[in-house]
Amino acid sequence: MSGTGSAGSAPLRKTPGEGSLAELYIRTLGLSLIGYALLGRSFAYVGVPPLFVGELLVCVGLLVMFRTGCVVGTLAAVPNLLLLALGAWTLARTVPFLSVHGMDALRDAVVVLYGAFAFILCALLIERPARLDRSIKLFGRFAAAFGATAGIAYAMQQLLGNRGLLPLWPNSGLPLIAVKPGDVAVHLAGSAVFGLLFFRRISIAWIALLITGMAMVGVHSRGGMLAMVLPLGVALALSGRVRQLAGVLLAGCIVVVVAFLLDLDVSMIERERSVSVEQVVENFTSIFGDSANSDLDGTKAWRLLWWQAIVDYTLHGPYFWTGKGFGIALASADGFDGVTPPGAPELRSPHNISMTMLARAGVPGLALWLLLLLAWFGMMVRNIAVARARSDQAWFKLFLFIACYLAAALINASFDVALEGPMLGIWFWVLFGIGVGATQIYRTQRSLVALRPAAPSWPRAVPMATLLWALLAAGAPGASAAEPLLASQEPPCPASAMRLPPGADLAAIVGRAPDGTVFCLGRGVHRMQTVTPRDRQAFHGEPGAILNGARLVSGFVRDGRHWVASGQDQRGWQRPDVPCAAHRPRCGFPEAVFIDDRPLFHASSRAEVGEDSFFLDYETRRLYVGSNPAGRRVEASVAPAAFIGGARGVLIAGLVIEKYASAAQAGAIGLHLKPVEWTVRNNEVRLNSAIGVMVGARSRVLHNRIHGNGNMGAGCGGEDVLFQDNEISRNGYFRGIDTLWEGGGVKCAQTTRLTFRRNRVEANNGIGLWTDIDNLHTLYEGNLVLRNVNSGISHEISYDAVIRGNYLDGNGDGFHVWLWGGAIQVQNSRNVLVQGNLIVAHQGNGISLIQQDRGTGRHGPWVTTGNQVVGNVVIATLPLHGRSGAVADHDRDGMRNGHNIFRGNAYHVADPGAAYWAWTDGWQPWAGYRASSGQDADSTLSVMPARDPR
């Protein structure tokens, strides 16, 4: 059995939602969920009455949710709207009974009010989608451990607890472990489905322990048995792994047959049931009919009688509209209090969640509950179908897993008191919220790729759909990601690979090895290693393998207001020709310094060194910093690159590559040679001085996290280059190179058939995706381009391109003079199709066509002609911002008559009378723009309330 995981990293700087409170809350909630799963009712008593752990988690969680700024975004989903309505109705049927029943009323109402966790989780995921990946990985560890040990732990609880050998939990009178078999069954079902879908290998031992656990709890809970069998059966049927697991399933059947033939019977004290094949058969029989066990049939009979009584006094009685409210003990009120044994806790719920809703909230409450479930499961079924049709396997598995897990909890709650308490109730609503949040992330990631709005009638269908996107944009102004969404997981190092431990001389070993050698870099830090691969060599990393281009610096001494370290003889390739930002004159120097992973700026002199900067005196070889380095990790970048290009067909996978002294326009991967036919996959490339990844012809950059590099995330050149499913974020800050010269997310030049697909490009200091100089046949498809300082996508002095199905939000806010800073910007380029994109513009602009005097390239003049802007949605959230159209300061007539076309677009603006549009000269309002230009004749305009994106 094998799970998934990847090395984490310290962020370059905090982004919205990355604060300590939110992250601490997520970790605390995760530990609490594990506590509920392992300890049951006992864990629910953690806290100070009446604020136990569940109530504390709700209170703090609501505070965290409102701090995210994504509350509105959580309402952009029908299930959450229905949950809000159900919560309001529940409060209406609770508040009147507080004076009569006190805390009992609130205790009963949590069956719905714990739904606050759904909103909390949804908001946290919308704010920072990378949390979804981390949650999946953490649950994988839980599933691996729980599936293997739950059965044994439950058996020990039964054997020891009934003999009084377990210590009691303080202030509860309960044993230390007090889990219910149905709850254990639900988590076993979740663990089994997760293992089936996500584990790369499933061992026979784990399967055997899982089946043992299922048998242990299944004999004690009919609902639990059904909760395990049905979701797992659905997952098996849809996942396509039945054939792969046929041997394991056959072995399980053989065990059952042998147990039946040998009449194996393991007696359990509690409930006087045994672990045997006969007991399993009786449990199933009692669900659907009569069994030979009078105890099973008896408990079923009184439940059916009670349920009938509830139906009578609601559907056919005086409580149709109101129910009996929250707080009353239903068993006593309904005349069924005699079913509990002497000394047992008072029975308050009828062992069926739907009957609980009907009895307490009446027919309106039940109707809202059933509509809520229908909407949520309908949403998940649609997600599963769409992801499967699109071959989005990771998303397909995720949605199937969440749906099966929640279904298991619901099945169990139809036979037992489950969601009425925090042990399973909080789990249920957390899964509910994750399902909604994951749906919103997935729909955003797809970025309207499916829209093909060429027909004139399409814009009239846009406003209803775009309202949802507007809500999402309004609710998630700080959306951020630290990891690729549901990133591909790098498989382990091949068994035949040559392992290279930290400390090995990688350059010498690789240089002596023949072409095609496969290497595995061991876990740990490989410092100041620079490798020049040979053809077709492959470099895999064990989890935690880090190539670090910096040396550790120690021996600092105080010198006035600075701290100084001697013996710093590094001197990389300096570029005095590089244009620098005014306050960073040493941007052409590649050396960088980090204190606890925080990059410092390179000051121009010792006198200018402050807490956030350093100065390297190349003559005296002395390093000056302005922060006290005592007790902190100080690193100075030395090596110029991790991998130098030149060879063909190289694979780099599963590594962390950081802190290399890459020169301007050079990459920590590839240097400046633009390597050919390289595959760069599932790496984290961070905190390098200039560029993280530089590749050339027929190279593929897949599923990487490229962030925090000093000048730019990646660069490329050549034909048939592919960037797909990468997260490229927060690049271009600490080096100080003028980002209009080169900087931001990715910049490529002189390419043919370059493809950017499904990348998340976020918060880069510069342009997000930038093709500049003689790029031909470029495709930008299905990317999330968020909050980049300059344009989101810019196709400059280039040729034929397709920009379609991208979602762009908050780009160009730092550079929006004239029509610069467009979310999509076509500059002196021709034959570009801009189609089916969704743009949310705040202070930046919308879609820009720009023409200047730029000369001629290898494929003809660089002019803005023959471009089509078709079927896009542009949402401008502020007056006089979010402008679109065409401008020129050279050859206006040539651009005006150059067959540039705007049609079938939908514009949503804050001020419909304002001049949002340009057509080669001057700004105009909607009517004047269309009349004078003839553009956007079949497009639509609607009004949206203005809002401050901050």
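Scroll up to find the structure this text is about.
In this report, we go over the structure that sits alongside the text.

Definitions and limits used
Residues numbered from 1 in each chain as written. Predicted model: local features only at pLDDT ≥ 70, side-chain atom pairs only at ≥ 80, totals over all residues. Heavy atoms only, no water. Salt bridge = Lys/Arg side-chain N within 4 Å of Asp/Glu carboxyl O. Helix = DSSP H or I, 4+ residues; strand = E, 2+ residues; numbered from the N terminus. Buried < 20%, exposed > 50% of the residue type's maximum accessible area, 1.4 Å probe, protein only. Pairing = 2+ DSSP bridges. Disulfide = S-S within 2.5 Å. Phe/Tyr/Trp six-rings, centres within 6.5 Å; stacked < 30°, edge-to-face > 60°. Patch = residues over 30% accessible without salt bridge, like charges linked within 9 Å, V, L, I, M, F, W, Y side chains within 5 Å. Areas by Shrake-Rupley, 256 points an atom, 1.4 Å probe, with all protein chains shown as cover. Polar contact = N/O pair within 3.5 Å; in protein donor to acceptor, adjacent residues only side chain to side chain. Contact = heavy atoms within 4.5 Å. Axes fitted to C-alpha atoms, helices over the stretch in contact; angles between N-to-C directions.

Quick look at the pattern of salt bridges
Thought 1: What the rule picks out here adds up to 36 salt bridges.
Thought 2: Between Arg 107 and Asp 104 there is a salt bridge, and its shortest N-O distance comes to 3.2 Å. With Arg 107 and Asp 104 both in helix H7 (residues 103–113) and three residues apart, the pair spans about one turn of that helix.
Thought 3: Residue class for Arg 107 comes out partly exposed when judged on its relative accessible area of 46%.

Description of the sheet that holds strand E11 (residues 557–559)
Strands pair in a sheet through their backbones, by hydrogen bonds, and they do so in one of two ways: parallel or antiparallel.
Thought 1: What the five strands build is an open sheet, ordered E11-E12-E17-E16-E15; its pairing is mixed. Strands at the two margins of the open sheet, each flanked by one partner only, are E11 and strand E15 (601–602).
Thought 2: Bridging between strand E16 (residues 613–617) and strand E17 (residues 622–625) involves four bridges; their strand directions are antiparallel. Residue pairing across strands places Asp 617 opposite Arg 622, the latter belonging to E17.

Observations regarding the state of the cysteines
Thought 1: Throughout the structure, instances matching the rule amount to three disulfides.
Thought 2: Across a sulfur-sulfur distance of 2.2 Å, Cys 493 and Cys 520 are joined as a disulfide pair. Judged by the sign of its S-S torsion, about 70 degrees, the bond between Cys 493 and Cys 520 is right-handed. Highlighted residues: Cys 493 in the loop between helix H20 (462–475) and strand E5 (498–500) and Cys 520 in strand E6 (residues 518–521), separated in sequence by 27 residues.
Thought 3: Under the relative-accessibility criterion, Cys 493 is labelled partly exposed at 21%.
Thought 4: Judged by relative accessible area, which is 5%, Cys 520 ranks as buried.
Thought 5: The residue that forms a disulfide with Cys 716 is Cys 748, at a sulfur-sulfur distance of 2.0 Å. Sign of the S-S torsion, about 120 degrees for the bond between Cys 716 and Cys 748, identifies this disulfide as right-handed. With a gap of 32 residues between them, Cys 716 in strand E28 (residues 712–719) and Cys 748 in strand E31 (residues 744–752) connect regions that are remote in the sequence. Residues Cys 716 and Cys 748 agree in their burial class; the two are buried.
Thought 6: When the cysteines of the chain that form disulfides are numbered from the N-terminus onward, they connect as 1-2, 3-4, 5-6.

Some words on the packing of aromatic side chains
Thought 1: The final tally for this structure, using the stated rule, is 41 aromatic pairs.
Thought 2: Between the aromatic rings of Trp 395 and Tyr 442, the centroid separation amounts to 5.0 Å while the plane-to-plane angle is 35 degrees, which identifies the pairing as tilted. On the criterion of sequence distance, the pair formed by Trp 395 in helix H18 (residues 393–413) and Tyr 442 in helix H19 (residues 422–446) is long-range, its members being 47 residues apart.
Thought 3: The exposure class of Trp 395 is buried, given its relative accessible area of 4%.

Some words on a nonpolar patch on the surface
Thought 1: On the surface, a nonpolar cluster with roughly 400 Å² of combined accessible area is contributed by Leu 91, Val 95, Leu 98, Met 103 and Leu 106.
Thought 2: Relative to the helices and strands, Met 103 resides in helix H7.

Re the side chain of Arg 705
Thought 1: Mapped onto the elements, Arg 705 comes out in strand E27 (residues 705–707).
Thought 2: Within polar-contact distance, the side chain of Arg 705 engages the side chain of Glu 684 at 3.0 Å.

Quick look at the sheet that holds strand E48 (residues 884–888)
Thought 1: Strand order in the open sheet formed by 12 strands is E19-E22-E25-E28-E31-E34-E37-E40-E43-E48-E51-E52, with mixed pairing between adjacent strands. Of all the strands in the sheet, the pair left with one neighbour each is strand E19 (643–644) and strand E52 (923–924).
Thought 2: Pairing geometry for E48 and strand E51 (residues 917–920), over four bridges, is parallel. Pairing of Ser 884 across the sheet is with Trp 917, part of E51.
Thought 3: Seen against the sheet, helix H23 (residues 926–933) touches E51 and E52 and runs at an angle of roughly 20 degrees to E51.

These figures capture arrangement, not role.
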